[in-house]
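The residues making up each chain are set out below.
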Amino acid sequence: MLFEALKLVFDPYVLWVIFASAAFGLFVGAVPGLTATMATALLVPVTFFMEPVPAIASIVTATAMAIFAGDIPSCLLRMPGTPASAAYTDEAYAMTLKGEGELALGAGLVFSVIGGLFGTAVLILAAPALAEVALKFSSFEYFWLVCLGLLSAVFIALSNPLKGIVSLLLGLLVSAVGLDNPAGFPRFTFGNAELAGGLTLIPIMIGMFAVSEIIRGVSRIDQPWVMAQAKIGNVFRGMWTLTKRYPGPVLRGSALGTAVGVLPGAGADIAAWMSYAVSKRFSREPEKFGTGHVEGIIEAGASNNSALAGAWVPALVFGIPGDSITAIVIGVLYIKGLNPGPSIFMNNAVSIYAIFMVFILADLLMLPLGIAAIKSAKQLLRAPREVLLPVILLFCIVGSFAINNSIFGVVLMLAFGLVAYLMEENGFPVAPAILGMVLGAMLEEHFIRAMIRADGDFLVFFERPIAGGLGAATIAVICVPLARRIFRTAA
Amino acid sequence: MPGQKFGPAWFPGVIAIGLAACGGLLVFSGLRQASPWLRWPEWIGRRRPLLGVGGVVAGLLFYVFAADALGFHLTGVVLLTLWVRLLGGSWRVAVVVGVVATVAIHLSFYKLLRVPLPWGVFEQYAF
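Q: Go over the domain arrangement of chain B with me, naming the residues and quoting the values.
A: Assigned domains of chain B: these are domain 1 (1-39) and domain 2 (42-125). The C-alpha-based centres of domain 1 of chain B and domain 2 of chain B are spaced at 39 Å.

Q: A description of the packing of helix H2 (residues 12-30) of chain A against helix H19 (residues 349-375) of chain A should follow, citing residues and the corresponding values.
A: All names here are of chain A. For the pair H2 and H19, interaxial distance at closest approach is 10 Å and the crossing angle is 55°. In terms of orientation, H2 and H19 fall into the oblique class. Helix-helix and strand crossings are classified by hand; for H2 and H19 the assignment is right-handed. Here H2 contributes Ile 18, Ala 22, Leu 26 and Ala 30 to the contact with H19, which in turn contributes Val 358, Leu 361, Ala 362, Leu 365, Leu 369 and Ala 373.

Q: Could you give an account of the interface of chain B and chain A, naming the residues involved and the relevant values?
A: Taken together, the contact between chain B and chain A spans 43 residues of the former and 40 residues of the latter. The set of elements that each furnish at least two residues to the side of chain B that touches chain A consists of helix H1 (10-33), helix H2 (47-70), helix H3 (72-86) and helix H4 (91-112) of chain B. Residue contributions to the side of chain B that touches chain A peak at 10 residues, all from H2 of chain B. Looking at the side of chain B that touches chain A residue by residue, the class counts come to 33 nonpolar, 6 polar and 4 charged.

Q: Lay out the packing of helix H1 (residues 2-9) of chain A against H19 of chain A with the relevant residues and their values.
A: Residue and element names in this part refer to chain A. Where H1 meets H19, the closest approach of the two axes is 8 Å, and the angle between their N-to-C directions is 60°. Here H1 is positioned oblique relative to H19, judged by the angle of their axes. You can see that H1 and H19 cross each other, and the crossing is right-handed. Each of Leu 2, Glu 4, Ala 5, Leu 6, Leu 8 and Val 9 in H1 lies in contact with H19, whose residues at this interface are Val 350, Tyr 353, Ala 354, Met 357, Val 358 and Leu 361. The residue makeup of the contact of H1 with H19, split by class, is 11 nonpolar, no polar and 1 charged.

Cut-offs and rules
- Residues numbered from 1 in each chain as written.
- Chains lettered and ligands numbered in written order.
- Predicted model: local features only at pLDDT ≥ 70, side-chain atom pairs only at ≥ 80, totals over all residues.
- Domains from an automatic or database assignment.
- Axes fitted to C-alpha atoms, helices over the stretch in contact; angles between N-to-C directions.
- Helix = DSSP H or I, 4+ residues; strand = E, 2+ residues; numbered from the N terminus.
- Parallel < 35°, antiparallel > 145°, perpendicular 65-115°, else oblique.
- Left-handed = near helix turned anticlockwise from the far one by under 90°.
- Contact = placed C-beta atoms within 7 Å.
- Nonpolar A, V, L, I, M, F, W, Y, C, P; charged D, E, K, R; others polar.

As structure tokens, then:
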């Protein structure tokens, strides 16, 4: 089976796709305002026409490259290339100003690779093991899992859970549109045939992740980008010393990143913020943080790349996305007949192992291609925005149209693009909304199914041991932050 | 549905209750902070961003209503040219980008991926 998977990956066409998506990912990551999630949303219409393995491979490669490449403008422009680099942008820029730009870029690259490999190892080992357990799950367990996923998206690392809940509920509302519900009853369709089929998620995602970013980019079009350092030397110098000096932070960042990735709703950007904070908290030299100190970059840089792979664990095993990228990926998996769920490791084992190999390959490719991207940073960052943004926008239009060959896709893209822009500008996170859209149908279906089996008695939801445990965890996710808040105001 | 406790109205009903509750809480906390009812974004007073954002939204609306009649190719070239120009590119760059990018999308999406982009007024010249 391994041999068959190898044959799938080392096919010239697949290798070509991986290489092209790597270049695409590096470009998207390096240009501020273009994000890894946006890269995924833009890739979907293209992957539509590919075989399953190259389709998924292109997304895996492009996102891994983009998350690393986000570090490049952090160092040179003091602007994160993707939100996942924002946590240590000031630190990296401070290093560049001190003349340590090479060290910052090198640390970003090398420890991104290590973090990515760590996350991939966890994915390869944990996902099949988890699937064994999940095979025995019934609607009760699935209902609680979905609840836990939705709520952790709201309560983990959000300063304002209330706005997170509103975002989540709006997402669930979108998922309720159409005929596709347990009763098969048309909801919110207003007699419109386009709405009866439910809202197609891909144009919505293109709107929320690409169009909203374009609007943001256009609103800042008159602010010039200024490079802090034009010439970049050998970025590998000193990397071995750093690895020997900071083995703890590397490991801690990778582990925390993977864990945050596995949790639904929180992805690479939150992982980086948390790891940077943890690094400062446990550092022997916390006073150096913020002045151009490499330790936090190492830990958070490993963390965001490991989160990327971690997010695939719940996505593959349960069909519950671990971050916004896998929220899009789940749709692609269904289209390609790789339906996520515990049986994916039996029904599509060869494809899944091929995808695992792509993860490893993408991380290893990051070293040579990352160097190339760093060396050509000057050209990459001179990409004229007044040309780039309109071209991407036309690409979005065609991509949204291509999913159903319907202009309604473009309407959805525009509407949700505006909504997402307004939400983010006003402090409403969009990740919970995406999660609600992807998981809404699953939540309702498992609830109704479980309710029928339980004959309307809610206590039955806690009777099976795993379901009971998940239920208790769900309640804890709600109650612990609330209790802490009440306790804090009382004290 | 009558006689069924958890019918199709149940799920949207729960969402509605949740939204009403959260909305109420947000209004309450907003009133307590005495923040203004409406605040314009900081870029609204600057010419280029304002024209750009307005142009992006208007252009997308124009595409939705005009693409079927005018066709993808004509709409694409016109929109791209105007967008590049609005964002600060020269007319020469704008026209070149408009034509080249539209042709590239035609070749990749229409020819390679077989997406049936509308031809509109050029229907008889479709290739």
